[in-house]
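Fold and geometry: a report
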Amino acid sequence: MDSRRPPFVDSAAGALLDADGRIVRWTREAEQLFALPAREVCGRPVRELLADPAVWAALLAERRAERAAERSSETWSGTALVRSGTGEELEIVFQVLPLEAVDAGEPSGAARYFVLAAPAELVDQWRQDQAFTRELFLQDRVGLAVFDDQLRLVRTNTHLLPYTGLPPDLTGRRLGDFLQVEDAEAVEQHLREVLRTGRPLVLSGELVRTVEAPRGGAAMAISAFRLQATDGQVIGVTALFTDVTELHRSGERLAVLHRATAAVGGSLSVTGTAEELAAVLAPGLADLAVVEVAEAVFTGEEPAPGRDGRLLLRRTAVTGATDLLATAAADAAADPDTTAVAFDAEGSPAADSTATDPTGTAPTAPTAPTAPTATTMTAPLRARGSLLGRVTVHRAAHRLAYEPADLDLLHEIAARAALALDNARRYTREHRAAVSLQRSLLPPAQTETAAVTTASVYLPTDTASGVGGDWFDVIPLSSARVALVAGDVVGHGLEASATMGRLRTAVRTLADLDLEPDELLVHLDDLVCQLLVEAGKPGDDGDWPVGHRTGPFGATCVYAVYDPVSRRCAMASAGHPPPAVAAPDGGVEYVPVRPGPPLGVSGLPFEVAEVELAPGSVLALYTDGLILGYGGDLDEGLAELRRRMARPGAAATPLRELGREIVEGHPAHRLADDVTLLLARTRAVPPDATATFSLEADPAAVAKVREKATAQLRAWGLEELVFTTELVLSELVTNAIRYAGGPVEVRLIRAERLTCEVSDPSATQPRMRRARLTDEGGRGLYLVAQLTDRWGSRYTRNGKTIWAEQDLP
């Protein structure tokens with residue numbers, strides 16, 4: 001089969017039928033299409049080829065109806081479903097051509113029929129091709145032209161070139177008949193290459209000018225492809241012309257905008273930013289560019305006009321043609337380095353304020369936005385409501401005049417450059433404030449509790465983005481337990497530090513409620529979501545609030561609770577790296593905690609992982625800045641942390657010294673993020689330092705528990721606490737039996753403090769109230785609060801636990 005012929009012709013099958021509908025002749029194409037050789041079908045009724053022979057009667061009935069209504073000619077066509085020689089069903093489109101007369105639609109005498117059939121899919125494709133070609137020439141959005149092999153126009157649509165100077169009839173003409181010679185030659189060169197190679201041309205840009213308008217013209221994107229006959233002979237080329245003039249000019253302006261944005265965004269120096277801006281504008285937009293910045297900006301202060309209403313500007317950067325600068329500087333009366341700009345009562349530049357021209361000498365008017373002159377434009381450098389300076393550009397007389405779009409571009413560049421200047425002004429002050437705030441919000445570097453001894457290391461980054469929002473915390477809980485926290489707020493700078501402070505305070509508040517780790521993270525996630533909503537709302541006046549966060553908002557956090565009595569540590573993670581545990585024997589493993597989503601995603605649960613820690617184990621909580629600082633790869637960083645914690649003798653090394661060894665090699669000037677490390681060496685409360693008593697819901701059991709507690713305290717040598725403990729247990733156990741029922745469990749823990757716990761099956765939290773003089777009860781919790789150093793309650797899986805702590809003598 002010739003691959004260059006249309007598929008419809010190659011796949012068409014032919015059959016000759018006699019008057020009775022039997023197959024007389026069967027073409028080779030029919031054999032290929034139906035997978036049936038001629039010897040098997042000749043002589044058979046054609047209806048036997050149908051997938052359902054009963055359809056034959058319906059086809060004849062439809063034909064009779066058409067003839068009766070005189071809606072069709074002698075030739076008729078339709079679709080049918082046939083069964084091929086392989087047993088597959090094939091949908092075809094057929095056409096019947098009678099070779100002899102037909103009487104009332106019925107075969108008669110020696111009448112014969114020639115049937116032409118093709119796959120329905122190919123016929124649909126052929127019809128689509130015809131419709132596509134027709135509609136393509138009817139549209140007028142893109143210029144379309146068909147050339148012969150001599151590049152003479154054969155056919156065009158009505159929108160070939162939307163310019164004057166084109167003849168009404170282009171048929172038979174060449175491009176050189178109505179286009180400039182050089183432009184026509186450039187286009188024809190592309191078309192000849194397409195004719196010669198057959199390789200399509202895609203969006204080649206060329207300037208097109210007509211003979212009648214040689215100074216006009218436009219940029220055209222030209223696409224072309226070669227046309228071939230069915231036998232492969234080249235017969236011409238089709239070209240599409242798309243006007244991209246405005247797109248071309250917009251692209252040039254956009255390129256200048258991108259270069260200016262990249263240039264001013266890479267420096268936190270006021271002078272450097274001004275110089276980079278001037279270097280982009282000349283020659284990108286002008287032959288001369290002058291940038292003037294307010295004096296206050298260089299000292300980091302907020303620019304404001306003086307008592308006389310004028311703002312002093314310093315000429316900071318001048319780039320471009322020196323001859324233009326020398327020519328324009330004829331008036332030496334003005335100070336070549338400074339300019340005073342007057343302000344109106346509302347703080348905007350006055351329209352009649354006197355200022356210097358681009359060279360700094362001749363008085364002009366000009367920071368207020370004005371229409372461009374032929375060769376000069378000025379735009380203010382304004383950011384966050386403050387005027388920081390202005391930028392002026394100038395073109396030589398032989399250059400094209402500025403257009404309004406050029407002024408819009410200059411204003412956009414000036415707005416972005418002003419933000420960069422204001423960022424440079426605020427950087428040093430913000431960075432110092434952030435570091436100070438960050439350190440003030442973190443706990444002491446070393447702490448010691450009954451559960452753990454801790455040491456921490458914090459290395460703030462020293463990059464232009466400012467310090468991050470890393471934090472850690474050690475929170476004493478009830479019953480000698482301790483909570484260990486590490487978190488990382490997304491972003492850097494003062495906002496990240498402030499957000500970190502809010503989250504750290506929230507964690508401490510939630511930890512005081514003695515929540516489970518996963519439940520605490522759920523509440524913390526709700527808080528971050530609320531902060532995110534607040535950050536996305538403007539104030540009542542429509543302005544964004546001060547400190548409005550424009551970057552990504554969120555945080556990661558890991559929260560662990562260690563109980564020195566059970567030596568169990570439960571923890572949950574919100575997108576945070578897993579803690580590492582170094583056992584006393586030197587082995588290091590990462591806790592298999594499944595990290596939940598980062599804080600701020602909301603709607604997804606967190607899972608708790610619980611491990612048992614031997615006394616003397618070292619638990620390491622950290623932020624991603626630590627492991628990424630080892631080389632940038634997460635897996636490599638985790639492996640390096642494991643190696644450093646597993647070195648010989650690490651288990652006996654003081655935590656502060658071990659922390660310095662772990663972060664060694666992380667210089668601040670090379671850090672991409674803050675490095676935070678919290679090390680905790682676990683302790684255990686000996687079994688003989690706890691006592692547990694189980695009681696039934698019987699008021700008589702109160703006296704028994706007092707006796708047992710007294711005996712235990714004397715065994716511990718705490719006789720001084722007997723009276724207070726008896727009174728506290730009497731009140732708490734009596735309340736538990738009266739309001740919660742049984743069973744009731746009492747536990748005493750002797751660690752850094754004496755802790756008395758009373759657990760009952762009720763989930764109702766106790767509430768201390770002020771009893772009146774006439775009330776017979778309601779003073780129990782008040783007495784507990786007065787006699788102990790700290791008291792509270794927490795929910796448990798089986799109810800609640802009320803606890804009270806007393807300092808040891």
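Being a predicted model, the structure only gives us computed values, none of them experimental. (Residues numbered from 1 in each chain as written. Predicted model: local features only at pLDDT ≥ 70, side-chain atom pairs only at ≥ 80, totals over all residues. Heavy atoms only, no water.)

**A word on the overall build of the protein**
Along the protein, the regular secondary structure elements total 19 helices and 33 strands. In the protein, 61% of the contacts between residues at least 6 apart in sequence involve partners at least 24 apart. Of the roughly 40,700 Å² that the protein leaves accessible, carbon and sulfur atoms contribute 52%. (Helix = DSSP H or I, 4+ residues; strand = E, 2+ residues; numbered from the N terminus. Contact = heavy atoms within 4.5 Å. Areas by Shrake-Rupley, 256 points an atom, 1.4 Å probe, with all protein chains shown as cover.)

**Quick notes on the packing of helix 17 (residues 701-715) against helix 18 (residues 722-739)**
With their axes 9 Å apart at the nearest point, helix 17 and helix 18 run at an angle of 145° to one another. Judged by the sense of rotation from one axis to the other, the crossing of helix 17 with helix 18 is right-handed. Of helix 18, the residues touching helix 17 (which contributes Val702, Val705, Arg706, Ala709, Thr710, Leu713 and Arg714) are Val722, Thr725, Glu726, Leu729, Ser730, Val733, Thr734 and Ile737. Along the lines of polarity and charge, the residues of the contact of helix 17 with helix 18 split into eight nonpolar, four polar and three charged. (Axes fitted to C-alpha atoms, helices over the stretch in contact; angles between N-to-C directions. Left-handed = near helix turned anticlockwise from the far one by under 90°. Nonpolar A, V, L, I, M, F, W, Y, C, P; charged D, E, K, R; others polar.)

**A short note on the packing of helix 18 against helix 19 (residues 780-787)**
It is at 9 Å that the axes of helix 18 and helix 19 come closest, and there the two elements cross at 150°. One element, helix 18, and the other, helix 19, form an angle in the roughly antiparallel class. For helix 18 against helix 19, the interelement crossing comes out left-handed. Between helix 18 and helix 19, the residues in contact are Thr724, Leu727, Val728, Glu731 and Leu732 and Gly780, Leu781, Leu783, Val784 and Leu787, respectively. In terms of residue class, the contact of helix 18 with helix 19 is built from seven nonpolar, two polar and one charged. (Parallel < 35°, antiparallel > 145°, perpendicular 65-115°, else oblique.)

**Structural notes on the pattern of salt bridges**
Applying the stated rule across the entire model yields 36 salt bridges. Ionic pairing is found between Arg253 and Glu403, a salt bridge with its closest N-O pair at 3.1 Å. Within this pair, whereas Arg253 is found in helix 7 (residues 245-264), its partner Glu403 is found in the loop between strand 17 (386-394) and helix 11 (404-441), the two being separated by 150 residues in sequence. A cluster of three or more residues bridged by salt bridges with shared partners is formed by Glu302, Arg384, Asp422, Arg425 and Arg426. (Salt bridge = Lys/Arg side-chain N within 4 Å of Asp/Glu carboxyl O.)

**Examining the pairing of strand 29 (residues 690-695)**
Consecutive residues of a regular strand have side chains that alternate between opposite faces of the sheet. Side chains Ala691, Phe693 and Leu695 of strand 29 all project onto a buried face; the interleaved residues Thr690, Thr692 and Ser694 project onto a face where none is buried. Where strand 29 meets strand 30 (residues 744-750), six bridges bridge the pair, whose relative direction is antiparallel. Across the sheet, residue Ala691 finds its bridge partner in strand 30, namely Leu748. (Buried < 20%, exposed > 50% of the residue type's maximum accessible area, 1.4 Å probe, protein only. Pairing = 2+ DSSP bridges.)

**Remarks on the confidence of the model for the protein**
Per-chain confidence: the protein averages 81 in pLDDT, with 81% of residues scoring 70 or above. Taken as a whole, residues 1-6 scores under 50 in pLDDT and shows nine contacts with residues more than four places along the chain or in a different chain. Note on residues 327-336: pLDDT is under 50 here. Beyond four places in sequence and across chains, it has 15 contacts. (pLDDT = per-residue confidence, 0-100.)

**As for the sheet that holds strand 3 (residues 76-83)**
Pairing between the strands of a sheet is mediated by backbone hydrogen bonds and can be parallel or antiparallel. Strand order in this open sheet of five strands is 2-1-5-4-3, and the pairing throughout is antiparallel. Looking at strand neighbours, the two that pair on one side only are strand 2 (23-26) and strand 3, the edges of this open sheet. The average angle at which neighbouring strand axes cross in this sheet is 30°, direction not considered. With five bridges joining them, strand 1 (residues 13-17) and strand 5 (residues 113-119) adopt antiparallel strand pairing. Of the residues in strand 5, the one forming a bridge with Gly14 is Leu116.

**Re the environment of Ala145**
With respect to the element layout, Ala145 can be found in strand 6 (residues 143-148). Of the residues examined, Ala145 reaches a relative accessible area of 0% and is grouped as buried. Here the alpha-carbon distance between Ala145 and Val237, two residues 92 residues apart in the chain, equals 8.5 Å.

**Looking at a nonpolar patch on the surface**
Residues Leu97, Leu99, Phe114 and Leu116 make up a contiguous nonpolar surface patch of roughly 310 Å² in combined accessible area. By relative accessible area, which is 32% here, Phe114 ends up partly exposed. (Patch = residues over 30% accessible without salt bridge, like charges linked within 9 Å, V, L, I, M, F, W, Y side chains within 5 Å.)

**Observations regarding empty space enclosed by the protein**
Rolled over the atoms, a probe with the dimensions of a water molecule shows which regions are left empty. For the structure shown, the criterion picks out one cavity of 30 Å³ or more. Within this model, the largest cavity holds a volume of roughly 40 Å³. If you go around the largest cavity, the residues you meet are Ala445, Gln446, Ala455, Ser456, Val457, Leu655, Arg656, Gly659 and Leu679. At the level of secondary structure, the elements contributing two or more residues to the lining of the largest cavity comprise strand 19 (452-459) and helix 16 (655-662). Of the residues that constitute the lining of the largest cavity, the class distribution is five nonpolar, three polar and one charged. (1 Å grid on protein atoms, 1.4 Å probe; cavity = no way out; pocket = protein on both sides within 12 Å on 5 of 7 lines; lining within 4 Å. Points joined across faces, edges and corners; volume = space filled by probe spheres on them.)

**Description of the sheet that holds strand 31 (residues 753-760)**
One open sheet accounts for five strands, arranged 29-30-31-33-32; its pairing is antiparallel. The sheet is open, and its two edges are formed by strand 29 and strand 32 (790-796), each paired on a single side. Along the sheet, successive strands turn relative to each other by an average axial angle of 15°, direction set aside. Pairing of strand 30 with strand 31 involves six bridges; the strand directions are antiparallel. Bridge pairing links Leu748 to Cys756 in strand 31. Packed onto the sheet, helix 18 meets strand 29, strand 30, strand 31 and strand 33 (799-807) and runs at close to 15° relative to strand 31.

**Some remarks on the nonpolar core**
Ranked by internal contacts, the top residues of the largest apolar core, which has 51 residues, are Trp471, Leu484, Leu521, Leu524 and Tyr559. In this structure Leu524 touches Leu503, Ala506, Val507, Leu510, Cys557 and Leu599, once residues within four positions along its chain are discounted. (Core = buried A, V, L, I, M, F, W, Y, C linked by side-chain atoms within 4.5 Å.)

**Here's the deal with the pairing of strand 31**
Within strand 31, seven of the eight residues are buried, leaving the element largely enclosed by the surrounding structure. The antiparallel pairing of strand 30 with strand 31 creates a hairpin that spans two residues between the two strands.

**Considerations on helix 6 (residues 181-197)**
Over its 17 residues, helix 6 extends 24 Å from the first C-alpha to the last, a length consistent with the 24 Å expected when each residue adds 1.5 Å. Residues of helix 6 that are buried include every one of Asp183, Ala184, Val187, Glu188, Leu191, Val194 and Leu195, and no others. The buried residues of helix 6 occupy an angular sector of 115° when the element is viewed end-on, so they sit on one face. Away from the buried face of helix 6 by more than 90 degrees, exposed residues Val181, Gln189 and Arg196 are located. (Expected span 1.5 Å × (residues − 1). Arc of directions from axis to C-beta.)

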